[in-house]
Amino acid sequence: MRVNWYGLLGKKFKDAFGHVGGAILGGMVGLKKPNNHGVPYSLTEEFVSVYRMHALLPDHLNLRDISAKPGPNKSPPLIRKIPMQNLIGKEGEKALSQIGFTRQLVSMGHQACGSLELWNYPLWLRDVIPQDPDGRDRPDHVDLPSLEVYRDRERSVARYNEFRRALMLIPISKWEDLTDDDEAIKTLKEVYGDDVEELDLQVGLMAEKKIKGFAISETAFVIFLLMASRRLEADRFFTSDFNEETYTKRGLEWVNKTESLKDVIDRHYPEITDKWMNSSSAFSVWDSLPNAHNPIPLYLRVPA
């Protein structure tokens, strides 16, 4: 991702000498003109499919006491656990307003998200009660995991094996290629028989063996990498209009000096990072040791 932004020559070289050497050496940001490869930029159906990450959501929000004095590890004490279904819809909006932004962000920063794997889908999303614009409950309840599988089929998104072939990844030939979990293999055979070509994309993404250090599947990661690159390459605000005339001098300095999400939070809410973020990265649970690789905090992984 850093090569996408700064190129192989790196940030120090780019800061000193500007954009040199095209997209490879200088990065995609700062190119003379955008390139959409003849197709208007959009988020593809494939991106929507791999971004179905509701398994990351917990059953409860662990609400923290931000009025307390931080301890040695800067972990605020737990007040109570709020069921997630109480934080959606019109009543959820009221509850979140009462909690307030700072307490919500600090609470979610100190709570790890769930794992993207089979049998980890939040139960409260199996019976979602949708509301109309006026906040009235609608009669048609939603079983979200079933709906996600249905939507992929409805929109003709490729099944797991065909999806991988399209990305030039090796498809599976047997269930054991997908996972080492005996219970998962047994269940997959019950649902799909021996025909691995019938495997739905969503199920395959959750069952797939993870690369060491990865929270998401290899299949999903390739899509993320492609879309992240295309987002920079096709956007004029990252290419032809990435300049002081468009951003202002101060705005461009902000963009170039902002290295992490922690920087963004620190800019807008310095009291939060100073008091409650012990980790070096906002992408680690906040009470973890600096420079350590730890579970991803909940607030960074709530799906759109």
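Before reading on, note that the structure itself is shown above.
Nothing here was measured: the structure is a model prediction, and the numbers come from that model.

**Things to note about empty space enclosed by the protein**
- Scanning all chains against the criterion turns up two cavities of 30 Å³ or more.
- In this structure, the largest cavity encloses a volume near 60 Å³.
- Lining the largest cavity we find Val50, Arg52, Met53, Leu116, Leu205, Met206, Lys210, Ile216, Ser217 and Ala220.
- The residue makeup of the lining of the largest cavity, split by class, is seven nonpolar, one polar and two charged.
- In this structure, the second largest cavity encloses a volume near 40 Å³.
- Forming the walls of the second largest cavity are Asp152, Arg153, Val157, Ala158, Arg159, Asp200 and Leu201.
- Taken together, the residues of the lining of the second largest cavity break down into three nonpolar, no polar and four charged.

**What about the layout of surface pockets?**
- Counted as a void, the second largest pocket has a volume near 620 Å³.
- In terms of lining residues, the second largest pocket is bounded by 22 residues, among which Leu118, Trp119, Tyr121, Pro145 and Val203 are the most central.
- Of all the elements in the fold, those that place two or more residues in the lining of the second largest pocket are helix 7 (144–154), helix 10 (182–192) and helix 11 (201–207).
- A breakdown of the residues in the lining of the second largest pocket according to their chemical character gives 13 nonpolar, five polar and four charged.

**A closer look at the pattern of salt bridges**
- Applying the stated criterion across every chain yields a total of 21 salt bridges.
- Arg126 is paired through a salt bridge with Asp143; the nearest N and O atoms lie 2.6 Å apart. Of the two residues, Arg126 sits in the loop between helix 6 (101–109) and helix 7 while Asp143 sits in the loop between helix 6 and helix 7, which places them 17 residues apart along the sequence.
- The exposure class of Asp143 is partly exposed, given its relative accessible area of 25%.
- Measuring nitrogen to oxygen at the nearest pair gives 2.9 Å for the salt bridge that ties Arg151 to Glu154. Placement of the pair is Arg151 and Glu154 together in helix 7, with a separation of three residues, close to one helical turn.
- Counted as one network, the salt bridges with shared partners bring together Arg2, Lys11, Asp15 and Glu259.

**Looking at helix 10**
- What helix 10 keeps buried is the set Ala184, Ile185, Leu188 and Tyr192. The buried residues of helix 10 occupy an angular sector of 100° when the element is viewed end-on, so they sit on one face. Among the exposed residues of helix 10, those oriented more than 90 degrees off its buried face are Asp182, Glu183, Lys186 and Glu190.
- The elements touched by buried residues of helix 10 are helix 9 (175–178) and helix 11.
- For helix 10, the side-chain oxygen to backbone nitrogen distance between the N-cap and Glu183 is 2.9 Å, and the N-cap itself is Asp181.

Conventions and cut-offs
- Each chain has its residues counted from 1, following the order in which its sequence is written.
- Given that the model is predicted, a residue must reach a pLDDT of at least 70 before its local features are reported, and side-chain atom pairs must reach 80 or more before they are shown or counted; all residues, however, enter totals for whole chains, interfaces and linings.
- Side-chain metrics in this entry use all non-hydrogen atoms of the structure; hydrogen atoms and water are not considered.
- Whether a set of points on the 1 Å grid over the protein atoms alone is a cavity depends on a 1.4 Å probe fitting there but being unable to get out, while an open set qualifies as a pocket with protein on both sides within 12 Å along at least five of seven lines; lining residues are those with an atom within 4 Å of a point.
- Grid points are joined across faces, edges and corners, and a volume is the space filled by probe spheres set on the points.
- Gly falls in the polar group here, along with every residue not listed as nonpolar (Ala, Val, Leu, Ile, Met, Phe, Trp, Tyr, Cys, Pro) or charged (Asp, Glu, Lys, Arg).
- Strands are runs of DSSP state E lasting at least 2 residues, helices are runs of H or I lasting at least 4, and numbering of each runs from the N terminus.
- Salt bridges, as used here, are contacts in which a Lys or Arg side-chain nitrogen is within 4 Å of a carboxyl oxygen on Asp or Glu.
- With a 1.4 Å probe rolled over the protein chains alone, any residue whose accessible area is under 20% of its type maximum counts as buried; one over 50% counts as exposed, and the rest are partly exposed.
- Here, the arc refers to the directions that run from the helix axis to the C-beta atoms.
- Contacts between residues were defined by any pair of non-hydrogen atoms, one from each residue, lying within 4.5 Å.
- In the analysis that follows, any N or O atom pair within 3.5 Å is treated as a polar contact, provided that within protein one partner can donate a hydrogen and the other can accept it, and provided that, for residues neighboring in sequence, both atoms belong to side chains.

Everything listed here is a matter of coordinates, which is why it stays silent on function.
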